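These are the residues of each chain, in order.
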Amino acid sequence: MATIASGLHQDGNGWIDDEAARRAGRIRANFSAFDARVREAERLAASGDLEGAAVEAAIAATMAAHRHCGVFASPRLERMMAEIGRRLEPEADHGPAPEPVPFRRVLHVCTQLAPVGGLTKMLALWIGADAHRTNGLALTQHRGPVDARITEAVRASGGTIHHLNHRHGGKLAWARELRRIARDYDVVVLHIHCEDVVPLIAFADPGRHPPVILLNHADHLFWIGTRISHAVVNLREAARRLAIARRGVDPARSLLLPTLITLPERQRSRAEAKRALGIPEDEVLLVSVARGAKYRNVGPVTYADRHIDLLAAHPNARLIVVGAGERADWGPAQAATGGRITAHAELSDPRVFFEAADIYVDSYPFVSSTSMLEAAAYGLPLVTRFEAPEAAEIVAINHPGLDATARVARDQVEYEAHLTALITDADAREAAGAEISAAIARLYAPASWLAGLDAVYSEAQALPRLTPDSGPVPAEMPHLGEPDLRHQDMFGSDFPVSGMTKNYIGMLPLRQRIASWAALRRAGDFSGPWERVRLLLPEWLVRNVKDRPGLLRAG
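Residues numbered from 1 in each chain as written. Predicted model: local features only at pLDDT ≥ 70, side-chain atom pairs only at ≥ 80, totals over all residues. Heavy atoms only, no water.

Trainee: Honestly, the overall build of the protein in this entry has me stumped. Any pointers?
Mentor: The secondary structure content of the protein amounts to 21 helices and 15 strands. Here the C-alpha radius of gyration of the protein, 24 Å, is about what a compact globule of 555 residues would show, namely 24 Å. Each of the three principal axes of the protein carries a C-alpha extent, and together these read 70 × 65 × 50 Å. Sorting the 555 residues of the protein into buried and exposed places 55% on the buried side. Contacts in the protein between residues at least 24 apart in sequence constitute 73% of all its contacts with a sequence separation of at least 6. As presented, the protein carries roughly 22400 Å² of accessible surface, and 55% of it is formed by carbon and sulfur atoms. (Helix = DSSP H or I, 4+ residues; strand = E, 2+ residues; numbered from the N terminus. Rg over C-alpha atoms; globule rule 2.2 N^0.38 Å. Buried < 20%, exposed > 50% of the residue type's maximum accessible area, 1.4 Å probe, protein only. Contact = heavy atoms within 4.5 Å. Areas by Shrake-Rupley, 256 points an atom, 1.4 Å probe, with all protein chains shown as cover.)

Trainee: I would appreciate a short explanation of a nonpolar patch on the surface in the present structure.
Mentor: Nonpolar side chains collect at one region of the surface, where Leu-510, Ile-514 and Leu-536 lie side by side and expose about 250 Å² of accessible area between them. Within the element layout of this structure, Leu-536 appears in the loop between helix H20 (529-534) and helix H21 (539-547). Of the residues examined, Leu-536 reaches a relative accessible area of 32% and is grouped as partly exposed. (Patch = residues over 30% accessible without salt bridge, like charges linked within 9 Å, V, L, I, M, F, W, Y side chains within 5 Å. Salt bridge = Lys/Arg side-chain N within 4 Å of Asp/Glu carboxyl O.)

Trainee: Which parts of the structure should I look at to understand the sheet that holds strand E14 (residues 382-385)?
Mentor: Note: strands within a sheet are paired through backbone hydrogen bonds, in either parallel or antiparallel orientation. Strand order in the open sheet formed by six strands is E12-E11-E10-E13-E14-E15, and the pairing between neighbours is parallel. At either margin of the open sheet sits one strand with a lone partner, and together these are strand E12 (341-344) and strand E15 (407-409). Strand-to-strand, the axes of this sheet are offset by a mean angle of 25°, without reference to chain direction. Summarising the sheet, strand E11 (residues 317-322) and E12 pair through four bridges and their orientation is parallel. Bridged to Val-321 within E12 is Ala-343. The strands touched by helix H14 (residues 412-423) are strand E10 (284-289), E11, strand E13 (359-361), E14 and E15; relative to E15, the strand with the most contacts, the crossing angle is about 150°. (Pairing = 2+ DSSP bridges. Axes fitted to C-alpha atoms, helices over the stretch in contact; angles between N-to-C directions.)

Trainee: Is there a simple way to think about the nonpolar core in this case?
Mentor: For soluble globular proteins, the rule of thumb is that nonpolar side chains tend to be buried together. Core analysis: the biggest nonpolar cluster contains 79 residues, and Phe-34, Met-80, Leu-107, Leu-178, Leu-190, Ile-201 and Phe-203 have the highest contact counts within it. If you tally residues by element for this core, the top one is helix H2 (residues 50-66), at 12 residues. Here Phe-203 is in contact with Leu-178, Ala-182, Val-188, Leu-190, His-209, Val-212 and Ile-228, once residues within four sequence places are set aside. Among the nonpolar cores identified, the runner-up in size contains 29 residues, and Phe-354, Leu-373, Ala-375 and Leu-382 belong to it. (Core = buried A, V, L, I, M, F, W, Y, C linked by side-chain atoms within 4.5 Å.)

Trainee: Is there a simple way to think about helix H1 (residues 18-46) in this case?
Mentor: One full turn of an α-helix is made of 3.6 residues, so residues set three or four places apart face in the same direction. For H1, which comprises 29 residues, the first-to-last C-alpha distance of 42 Å matches the rise-based estimate of 42 Å (1.5 Å per residue) to within 8%. What H1 keeps buried is the set Ala-20, Ala-21, Ala-24, Ile-27, Asn-30, Phe-31, Phe-34, Asp-35, Val-38, Ala-41, Leu-44 and Ala-45. Note on H1: the residue one or two positions beyond its end, Gly-48, has a positive phi of about 95°. (Expected span 1.5 Å × (residues − 1).)

Trainee: I'm lost on the packing of aromatic side chains in this one. Help?
Mentor: Remark: the centre distance and the inter-plane angle together describe each pair of aromatic rings, the angle taken between the planes. Using the criterion set out here, one finds 10 aromatic pairs in the structure. Judged by centre distance (5.5 Å) and plane angle (5°), the ring pair of Phe-354 and Tyr-378 falls under stacked. Taken together, the positions of Phe-354 in helix H12 (residues 351-356) and Tyr-378 in the loop between helix H13 (369-377) and E14 put the pair 24 residues apart, joining distant regions of the chain. The class of Tyr-378 is buried, set by a relative accessible area of 9%. Taken together, the ring pairs in this structure connect Phe-31, Phe-34 and Phe-222 into an aromatic cluster. The aromatic ring of Tyr-415 is capped on one face by Arg-385, whose charged end is 4.4 Å from the ring centroid. (Phe/Tyr/Trp six-rings, centres within 6.5 Å; stacked < 30°, edge-to-face > 60°. Lys NZ or Arg CZ within 6 Å of the ring centre and 35° of its normal.)

Okay, structure coming up:
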């Protein structure tokens, strides 16, 4: 790489500045680490250690999802999982999958369902809205109790919840069980985490199981599942474009369905909600609600810092952030605004904050589409930030109904201008909120959404069946343009490889589990005596002990 005095460097993509060169170097390093894990998975698979290969592949995918490496999909990893799936015991007794039928029995497959987060909420609403179908649920790696919203929705639908990781064995055994369960359904819908290899192994042969539809809920991250997906359902057009361009999804199989949200009924007026929170009625309240990770710092600048000048100019305004939790580095901003910036921990029901708000401000640098939609349903004017080039549209809020109604700031000056206009003009707030509320009601009301789901199912049913991959696997090379260069700073994490190993160690065959355990011990990576013991135990046993006390058998 040549260097010139102006601080530009010559790269394969042309001249780039020092910061872009640093980010490109990070992408290359991340890709190299990912590639090494994929190669190790390939080596294990070639040696006949299919269980070890599956776990190693899951770790590789986890790395790519947390540390962006310039790719949004891995045909090589997916082809390997397909080969493992085809090497499981033959299914000759079952024969081919039945001919296509209307989708009346739906099996949803999830990895884990966190009590806080848009995916759990959307799935509960999805099953509840889809009252004329039976909806079952298979969980591949869920830990702890299942959210009551999910259990009630599945029960009311006449379905069953299957805990795959309660069964004896590891990923191959769970893939076999998932394959068996799916035969009782007309269609499978995947809501899986980015790294979940179990469905890829289970549904390796598209001619022997029901059609698989993948919900692209993590549309901004690397994920696996393209090759087994009869159709991919995107929640916005930007995600559909990225799926086609960067994941290799056939355009005919890339469908669109807006996120399902609850259209709330107020329990309190805005004034009553403010009183419940101890906020004067005449103050203009800005609210933001998201997971804590979405409020990460950008360099030394905190989310709170971005509102100091705004609140200084408007002493009748305050900001409440739900999800950020107490953060020491927000202290200077809180002091500078006289305590008019406050933060709360993540809440499963932040209704009172939405009801009290006058203006909704998006999280940053990681936008929160579910929270934006929920705020819109309350009739709140919305302000979000998008400071990247158009080629990075996947990092922005551009969801149906929000794309034409939310106020989008391209920099700090415009952000403060949008908020100032809303803080100082109650009529403008009212008009903007009414416009947004009408758009959301039109697109996201349960009846409208259910019609959209029916249309997606009809489109998917009309598609020809997938055929197994053939021919050479496309080469995988890191992309060093947009949105990749900014991806790690916005969405990446410092989740250590040792943590990834701990997450999967209980799914390894005994000999490899002991070897991985010994490596963790040598590195001093155990957090305490119980962790040292737990990580020696198989995942299925731990889950039966912790999730179903007193029941020490697979089920």
